[in-house]
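Spelled out, the chains give:
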Amino acid sequence: MSIEVNGRKVDWVKDETIQHLLKRMKYTFPLVVVKIDEKVVPRDNFSEIIVPDGSKISVIHMISGG
Amino acid sequence: MNIEKAEKIRKKLKESCVGVAGVGGLGSNAAISLARVGVGRLILVDFDSVEESNLDRQYYFRDQIGKVKVEALKENIKKINPWLKIDIFNQKLTVGSMDEPFHEADVIIEALDSAIAKTSFIEEIMQKLPDKPLVACSGVAGYGKSDRIETKHIGNLYICQDEQARSSDDDVLMAPRVALMANWEANIVLELLLGEDK
């Protein structure tokens with residue numbers, strides 16, 4: 001009953017959406033891409049897609065500097 | 001030197017066009033490398049002018065302080081390779097029209113500074129020019145830790161990144177890491193234009 005978010009093992013929560021997971025992880029930075037098991041999730045679906053148990057989530061974000 | 005390989009590369013790059021969004025630390029250094037290898041056409045976009053504080057990491061010179069960056073960079077590139085075609089846009093990229101200067105580019109380099117500008121640009125390019133390869137960069141601040149830099153690849157987006165780096169708002173920008181990641185971006189561009197080096 002756990003998932004992996006950016007290499008970190010965290011508890012799986014039943015019926016949790018991507019949007020809620022991002023909030024739980026305190027990921028408030030400007031996001032670029034969220035992938036579940038290597039599949040890209042469109043931003044418009046963040047509030048609908050439920051995170052499956054055992055899944056691997058990658059959240060890619062941008063850090064300032066150029 | 002493998003003359004046959006060099007000639008093949010020269011021909012291919014001569015016909016290529018690369019767009020560079022932002023010509024600060026990342027963009028100026030990436031553009032110089034692409035000019036040195038002979039990319040035939042560069043599209044440079046930036047609204048800024050050269051300041052004294054840029055000289056510690058950006059490809060400009062003391063006598064160019066006050067000059068519009070895209071014009072100063074064009075001047076510097078021409079000193080290295082006068083045969084390139086260089087299109088310059090002295091303008092700020094604003095949401096809604098960020099893609100406009102880049103339609104003719106084969107590959108686009110994101111070389112902006114703030115995380116918000118980077119994200120807006122990537123989103124808009126991925127949405128409006130979904131078939132265009134886009135090379136972005138994240139986490140350039142600080143020094144050392146070269147081994148933390150990696151390329152993330154998602155569809156047509158290639159991100160040169162150090163996930164553990166701090167924001168430049170809370171850190172320092174220094175020439176070695178800036179030039180390293182700028183050239184990392186330029187190196188990905190070469191792979192995209194030429195195919196994998198075998």
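What counts, and where the lines are drawn
Residues numbered from 1 in each chain as written. Chains lettered and ligands numbered in written order. Predicted model: local features only at pLDDT ≥ 70, side-chain atom pairs only at ≥ 80, totals over all residues. pLDDT = per-residue confidence, 0-100. Helix = DSSP H or I, 4+ residues; strand = E, 2+ residues; numbered from the N terminus. Buried ≥ 20, exposed ≤ 12 C-beta atoms within 10 Å, placed from the backbone. Contact = placed C-beta atoms within 7 Å. Pairing = 2+ DSSP bridges. Axes fitted to C-alpha atoms, helices over the stretch in contact; angles between N-to-C directions.

Engineer: I tried to follow the confidence of the model for chain B on my own but got confused; where do I start?
Structural biologist: Close reading of the predicted structure is inappropriate where its pLDDT is low. Put simply, chain B has an average pLDDT of 96, and 100% of its residues get 70 or more. The complex model carries a pTM of 0.89, and its ipTM stands at 0.89.

Engineer: What exactly am I supposed to notice about the environment of G66(B) here?
Structural biologist: All names here are of chain B. With respect to the helices, strands and loops of the structure, G66 is situated in the loop between β2 (41-45) and α3 (69-80). Of the residues examined, G66 has 10 C-beta atoms within 10 Å and is grouped as exposed. For G66 and V50, which are 16 residues apart along the polypeptide, the C-alpha to C-alpha distance reads 5.2 Å. Once residues lying within four places of it in the same chain are set aside, the contact partners of G66 are S49 and V50.

Engineer: Honestly, the sheet that holds strand β3 (residues 85-89) of chain B in this entry has me stumped. Any pointers?
Structural biologist: Strands belonging to one sheet form pairs held by backbone hydrogen bonds; the direction of such a pair is parallel or antiparallel. Residue and element names in this part refer to chain B. The seven strands lie next to each other as β3-β2-β1-β4-β5-β7-β6, forming an open sheet whose pairing is mixed. Because the sheet does not close on itself, it has two edges, and the strands there are β3 and β6 (150-154). Averaged over neighbouring strand pairs, the angle between their axes works out to 20 degrees when direction is ignored. Pairing of strand β1 (residues 17-21) with strand β4 (residues 107-110), which is carried by four bridges, proceeds in the parallel orientation. Of the residues in β4, the one forming a bridge with G19 is I108. Seen against the sheet, α3 touches β2 and β3 and runs at an angle of roughly 170 degrees to β3.

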